[in-house]
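Examining the three-dimensional arrangement
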Amino acid sequence: MQIALFSAKPYDREFFAAAAEGSPHEVRFVEATLSADTAPLAEGADAVCIFVNDRCDAAAANALADLGVKAIALRCAGFNNVDLDAAQDRGLAVVRVPAYSPHAVAEHTLGLILCLNRRIHRAYNRVREHNFALSGLLGFDLYGKTCGVVGTGAIGTCVVQILRGFGCRVLAVDPKQNPDALAAGAEYVDLPRLLAESDVITLNCPLNDATLRLIDADALAAMKPGVMLVNVSRGAVVDHAAVLAGLKSGKIGSLALDVYEEEEVFFRDVSDETLADDQLARLLTFPNVLVTGHQAFFTREALTAIAETTLANLSDVEAGRDCPNRVSK
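None of these values were measured; they are calculated from a predicted model. Along each chain, residues carry numbers from 1 onward, in the same order as the chain's sequence is written. Totals for whole chains, interfaces and linings use all residues, but because this is a predicted model, local features are given only for residues with pLDDT of at least 70 and pairs of side-chain atoms are given and counted only at 80 or more. As a convention, hydrogens and water are excluded, and side-chain values are obtained from all of the structure's heavy atoms.

Remarks on the nonpolar core
Counted only if it meets this: Buried Ala, Val, Leu, Ile, Met, Phe, Trp, Tyr and Cys residues form a nonpolar core when they are joined through side-chain atoms within 4.5 Å. Each residue's exposure class comes from its accessible area (1.4 Å probe, protein chains only) as a fraction of the maximum for that residue type: buried when under 20%, exposed when over 50%, partly exposed otherwise. By definition in these notes, contact holds between two residues if any of their heavy atoms fall within 4.5 Å.
Ranked by size, the top nonpolar core spans 82 residues in total, and within it Val48, Ile50, Leu64, Ile72, Tyr100 and Leu163 carry the most contacts. Discounting residues that sit within four places of it in the chain, Ile50 has contacts with Phe6, Leu34, Cys56, Ile72, Ala73, Leu74, Arg75, Asn81 and Val82. Counting 31 residues, the second-largest nonpolar core is a separate cluster that includes Val189, Cys205, Leu280 and Leu283.

Here we look at the packing of helix α1 (residues 10-20) against helix α12 (residues 300-319)
The condition that has to hold: Every angle, taken between N-to-C directions, lies between 0 and 180 degrees, and every axis is a line fitted to C-alpha atoms, over only the stretch in contact when it is a helix. For the purposes of this entry, the term helix denotes a DSSP run of H or I that reaches at least four residues, the term strand denotes a run of E that reaches at least two, and both are numbered from the N terminus. Every angle not falling under 35 degrees, over 145, or within 65 to 115 is termed oblique; those three ranges are roughly parallel, roughly antiparallel and roughly perpendicular. Each helix crossing is assigned a hand: it is left-handed if the near helix lies turned anticlockwise from the far helix by less than a right angle, otherwise right-handed if that turn is clockwise.
Two elements in contact, α1 and α12, have axes whose closest approach is 9 Å; the angle formed by their N-to-C orientations is 55 degrees. Our classification of the angle between α1 and α12 gives oblique. α1 and α12 meet at a crossing whose hand is right-handed. Residues Tyr11, Glu14, Phe15, Phe16, Ala19 and Ala20 of α1 form the contact with α12, whose own contacting residues are Arg300, Leu303, Thr304, Ile306, Ala307, Glu308, Thr310 and Leu311.

A look at the packing of aromatic side chains
Rule in force here: Stacked, edge-to-face and tilted labels apply to pairs of Phe, Tyr and Trp rings (six-membered ring for Trp) whose centres lie within 6.5 Å, assigned for plane angles under 30 degrees, over 60, and everything in between, in that order.
Scanning all chains against the criterion turns up 4 aromatic pairs. For the pair Tyr11 and Phe298, a centre-to-centre distance of 4.7 Å together with 75 degrees between the ring planes defines the contact as edge-to-face. Of this pair, Tyr11 sits in helix α1 while Phe298 is found in the loop between β12 (289-291) and α12, placing the two residues 287 residues apart along the sequence. For the pair Phe51 and Phe297, a centre-to-centre distance of 5.5 Å together with 55 degrees between the ring planes defines the contact as tilted.

So, the sheet that holds β12
Note the cut-off: By definition, two strands form a pair when at least two bridges between them are found by DSSP.
The 7 strands are arranged β8-β7-β6-β9-β10-β11-β12 in an open sheet whose pairing can be described as parallel. The sheet is open, and its two borders are formed by β8 (187-188) and β12, each paired with just one other strand. Sheet topology places strand β6 (residues 146-150) next to strand β7 (residues 169-173); 5 bridges connect them, and they run parallel. Across the sheet, the residue bridging to Val149 is Ala172, located in β7. The strands that helix α4 (residues 102-117) touches are β9 (200-203), β10 (227-231), β11 (252-257) and β12; relative to β10, the one it contacts most, it runs at about 145 degrees.

Quick notes on the sheet that holds strand β3 (residues 47-50)
Taken together, 6 strands build an open sheet; the order of strands is β2-β1-β3-β4-β5-β13 and the sheet is mixed. Taken across any chain shown, the strands that pair with only one partner, and hence form the sheet edges, are β2 (26-29) and β13 (326-327). Taken together, the 4 bridges between strand β1 (residues 2-5) and β2 define a ladder with parallel strand orientation. Residue pairing for β2: Ala4 is matched across the bridge by Arg28.

Structural notes on the environment of Thr310
Position of Thr310 among the secondary structure elements: in helix α12. In sequence terms Thr310 and Asn231 are 79 residues apart; their C-alpha atoms lie 26 Å from each other. Here Thr310 is in contact with Phe16, Cys49, Ala73, Leu74, Arg75 and Val97, once residues within four sequence places are set aside.

Brief notes about the packing of α4 against helix α6 (residues 154-165)
For clarity, the threshold we go by: Just so you know the grouping, Ala, Val, Leu, Ile, Met, Phe, Trp, Tyr, Cys and Pro go in nonpolar, Asp, Glu, Lys and Arg go in charged, and all remaining residues, Gly too, go in polar.
At their nearest, the axes of α4 and α6 sit 8 Å apart, and the two run at 50 degrees to each other. Viewed along their axes, α4 and α6 adopt a mutual orientation that is oblique. Relative to α6, α4 is oriented so that their crossing is right-handed. Contacts between α4 and α6 pair Pro102, His103, Val105, Ala106, Glu107, Thr109, Leu110 and Ile113 from the former with Ala154, Ile155, Cys158, Val159, Ile162 and Leu163 from the latter. Residues of the contact of α4 with α6, tallied by class, amount to 11 nonpolar, 2 polar and 1 charged.

Describing unusual backbone geometry
Within the chain, Arg119 stands out as a residue other than glycine whose phi angle is a positive 55 degrees. The class of Arg119 is partly exposed, set by a relative accessible area of 22%. Even without a glycine there, the phi angle at Phe267 is positive, about 70 degrees. Mapped onto the elements, Phe267 comes out in the loop between β11 and α11 (278-283). What makes Phe267 partly exposed here is its relative accessible area of 21%.

Rendered as structure tokens:
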């Protein structure tokens, strides 16, 4: 297949070029983000490969189909940025990478928890200015704390395993109980109980109708005062206006985000520009808020798996085989 890879970054070029070597696929790298306006850049391609900030709405899907594109390959797990109805109507196969490296995202989750708890980000900046004072850097023992894990797929289950290794009590919420999470020591409860009892809450769930704005003002009201909240799932799982209010009131003791609902600035260097998103700019002013730019997936192992799985998915589509990673309504 001829593949047009949108939102291409240097690391995409490196890992997809390596995966495509010796394969029947040819990857063409396009720096632009996919939209209805940029879809013509896929002319001549049999498939497009897109990422989380690409927008394959109905207009884009129709434009791609008109060009003869046969497949949309997401190099990520989420597919909320694709209009599945439009893709299906135009005969576009949609495939994804559901489990590239759950360890990568789970380990980043714990990295955020540890950094935020022990104020490592603040300590790092202080010491570089020769300020070795400890005031304002007080944390807590993670051992013995109750941690709530929302979503126990492959990533959430890895989070459970790591937290149990730290000696935490782990509560879990998921419509379907995962035997591996149970074996690791998770206790499944309903969401109100998880919110009420957890000292730390991590969000590791997909974005869908059930999880959209799952953490809103009502959910925050049910949480312990001073709770730590960590989101490495999708930005829209959290109502950021409610979170800002929770930070100001002290209800949220600390917040870590690797995702944000309006991620247009993510994956780009905008250090010479004015940050137009007032909400994100406000979040970044809080000393107890830690934001990373959607990098939880960013390990060598994960990028290798993403590239290889994406090309394998497209091989299945091209050959007319059933693809285990195909997305359908």
